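Spelled out, the chains give:
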Amino acid sequence: MRERPIYFDIQATTPLDPRVLEEMLPYFTEKFGNAASRHAFGSEASEAVLRARASIAKGIGAKSPLEVVFTSGATEADNLAVKGLARANAERGRHVVTTRTEHKAVLDSCKQLEAEGFRVTYLEVDSDGLLKLDELAQAVVPGTVLVSIIAVNNEIGVIQDIAAIGAICRERGALFHTDATQAVGKIPFDVDRMNVDSASFTAHKMYGPKGVGALYLRRRNPEAKPEAEMLGGGHENGSRSGTLNVPGIVGLAAALRYALEDLEPEIARLTALRDRLKDGLRSGIENVRINGHETQRLPGNLNACFPGAPAELIQMALPDLALSGGSACSSGIAGPSHVLHALGSEAACSEGAVRIGLGRFTTQEDVDYAIGRFVEVVPRVRAEAARAGA
Ligand SMILES: *Cc1c(COP(=O)(O)O)cnc(C)c1O
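Colleague: Explain the pairing of strand E12 (residues 354-357) here, please?
Modeller: Consecutive residues of a regular strand have side chains that alternate between opposite faces of the sheet. Side chains Val354 and Ile356 project from E12 onto one buried face, and the interleaved Arg355 and Gly357 project onto a second face that is buried too. Sheet topology note: the strand E10 (residues 301-305)/E12 ladder contains four bridges and is antiparallel. Of the residues in E12, the one forming a bridge with Ala304 is Val354.

Colleague: What's the story with the domain arrangement of the protein in this structure? I'm lost.
Modeller: Where interface size is given, it is often the accessible area lost as the parts come together that is meant. Domain boundaries assigned for the protein yield domain 1 (18-261) and domain 2 (262-389). In this assembly, 33 residues from domain 1 lie in contact with 26 residues from domain 2. One can count zero salt bridges joining domain 1 with domain 2. At the boundary of domain 1 with domain 2, the tally comes to 14 residue pairs in polar contact (both at pLDDT 80 or more). Elements with a contribution of two residues or more to the side of domain 1 that touches domain 2: helix H4 (104-115) and helix H7 (246-261). Considering every element that reaches the side of domain 1 that touches domain 2, the biggest residue donor is H7, with four residues. A per-class count over the side of domain 1 that touches domain 2 returns 13 nonpolar, 10 polar and 10 charged.

Colleague: How should I be thinking about the layout of surface pockets in this particular structure?
Modeller: To locate leftover empty space, one rolls a probe as large as a water molecule over the atoms. Roughly 310 Å³ of internal volume is contained in the second largest pocket. Together, 23 residues line the second largest pocket, and Gly185, Tyr207, Glu266, Leu270 and Arg360 are the ones closest to its centre. The set of elements that each furnish at least two residues to the lining of the second largest pocket consists of H7 and helix H8 (263-284). Here the lining of the second largest pocket is built from residues that sort into 11 nonpolar, four polar and eight charged.

Colleague: Honestly, the site of the ligand in this entry has me stumped. Any pointers?
Modeller: Among the 13 residues in the neighbourhood of the ligand, the closest are listed as Thr75, Asp179, Gln182, Thr202 and Lys205. Between Gln182 and the ligand, the recorded distance is 2.7 Å, taken from a side-chain N or O atom to an oxygen atom. Separating an oxygen atom of the ligand from a side-chain N or O atom of Thr202 is a distance of 2.7 Å. Expressed as a share of its isolated accessible area of 380 Å², the protein-covered part of the ligand is 89%. No other element matches helix H3 (residues 74-88), which puts three residues into the shell around the ligand. The residue inventory of the shell around the ligand, partitioned by class, reads two nonpolar, eight polar and three charged.

Colleague: Is there a simple way to think about empty space enclosed by the protein in this case?
Modeller: In this structure the tally under the stated criterion is one cavity of 30 Å³ or more. Of the voids in this model, the largest cavity is the one considered here, and its volume is about 30 Å³. Contributing to the lining of the largest cavity are Thr101, Gly129, Ile150, Asn153, Ile156, Val158 and Gln160. Within the lining of the largest cavity, the residues separate by chemical class into three nonpolar, four polar and no charged.

Colleague: Quick question: what am I supposed to make of the environment of Arg382 here?
Modeller: Along the polypeptide, Arg382 turns up in helix H11 (residues 364-389). With a relative accessible area of 17%, Arg382 lands in the buried category. Spatially, the C-alpha atoms of Arg382 and Gly300 are 27 Å apart, while their sequence positions differ by 82 residues. Discounting residues that sit within four places of it in the chain, Arg382 has contacts with Ile285, Glu286, Asn287, Phe306, Pro307, Gly308 and Ala309. At a separation of 2.7 Å, a polar atom in the side chain of Arg382 contacts the main-chain carbonyl oxygen of Glu286.

Colleague: Would you mind showing me how to read the packing of aromatic side chains here?
Modeller: According to the stated counting rule, one finds three aromatic pairs in the structure shown. Ring geometry for Tyr207 and Phe361: centres 5.8 Å apart, planes at 85°, overall edge-to-face. On the criterion of sequence distance, the pair formed by Tyr207 in the loop between strand E7 (198-202) and strand E8 (213-217) and Phe361 in the loop between E12 and H11 is long-range, its members being 154 residues apart. The exposure class assigned to Tyr207 is buried, which follows from its relative accessible area of 8%. The ring of Tyr258 has Arg19 lying over it, and the distance from NZ or CZ to the ring centre is 4.0 Å. Lying across the ring of Tyr258, Arg257 places its NZ or CZ 5.1 Å from the centre.

Reading the values: rules and limits
- Residues numbered from 1 in each chain as written.
- Predicted model: local features only at pLDDT ≥ 70, side-chain atom pairs only at ≥ 80, totals over all residues.
- Heavy atoms only, no water.
- Buried < 20%, exposed > 50% of the residue type's maximum accessible area, 1.4 Å probe, protein only.
- Helix = DSSP H or I, 4+ residues; strand = E, 2+ residues; numbered from the N terminus.
- Pairing = 2+ DSSP bridges.
- Domains from an automatic or database assignment.
- Contact = heavy atoms within 4.5 Å.
- Salt bridge = Lys/Arg side-chain N within 4 Å of Asp/Glu carboxyl O.
- Polar contact = N/O pair within 3.5 Å; in protein donor to acceptor, adjacent residues only side chain to side chain.
- Nonpolar A, V, L, I, M, F, W, Y, C, P; charged D, E, K, R; others polar.
- 1 Å grid on protein atoms, 1.4 Å probe; cavity = no way out; pocket = protein on both sides within 12 Å on 5 of 7 lines; lining within 4 Å.
- Points joined across faces, edges and corners; volume = space filled by probe spheres on them.
- Near = heavy atom within 4 Å.
- Areas by Shrake-Rupley, 256 points an atom, 1.4 Å probe, with all protein chains shown as cover.
- Phe/Tyr/Trp six-rings, centres within 6.5 Å; stacked < 30°, edge-to-face > 60°.
- Lys NZ or Arg CZ within 6 Å of the ring centre and 35° of its normal.

Listed below in structure tokens is the structure:
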């Protein structure tokens, strides 16, 4: 057995790229200034933030660096966008549209809005996890102030047609927010081309540090100005008070820059690895069910059910593979995944699903090892489960 398991949980978090750490280090030590201070230490920090902001804005297709608001991560960015934008525009209407397959940060923010008297429409997805665009168009009515739709699902990797969704929202005059945490730095993503008014993302899902993320807010749309959650010094144009996490922000910018530098070849490499994994599992194991659209999905994501073999038991039988049995963000909470539930996969996947994430440091050798282990373990788990059930 290996000393340390192979890491296959890339959608939960990624290791910090050593090049990113290298760029962050000076801002923990000699360049420690507060970016809001008006002296040399402050300017050193604020200039680093300025450069990072410009580089991030360019990386996501934003017109101005001022459209990037730094947060503690995507959870905070989702909260600020969903609650903040709905509240700030409440006088125009109190209706919000979202989907059943959002991250909990969006779903729980919508629940809070419902408690405040907003009406929320939760759109269904098809069995592949894709939103039906005609249903979206029907749901967005004159009182709809905000549409929030996840760009790439963190459990099943499904990629929504963000440009088409953005066009529908634009045409109907509703603000469009997207949780783009699993899209930015992983697939082409451009807020202008896709008509996105607001987008959340986080550094630790793209080989940057934990605890820092950002919210894009379209400046040319005056409605895209959220009511702040964090009050205080008025940082970030009043949208989010708090001393800026300078090393984190430098890390976020570096992480995005490295990800974009290599985007196309990395997409090709991960897609090939993911397909190798999928084919290997299917040819070595009977009855493998892939959750989420087969091709319109994140290159480095596979989500599978092995009917007759509970995901939890598979996970336990594979201590040498660090995998997720659903969404790590809500793991520890018993019960089936709300995403698989929305796909209508309950019957086939009542025993849960395994998520296998592939990333920058995953090799073909790792994938082949994982295939071999699944092929070995799944029939055994099935036999044991059948015996226990009999
Ligand atoms: C990880 C994740 C989040 C939460 O991001 P944090 O920075 O960890 O708060 C939100 N949305 C999606 C889709 C995610 O994958």
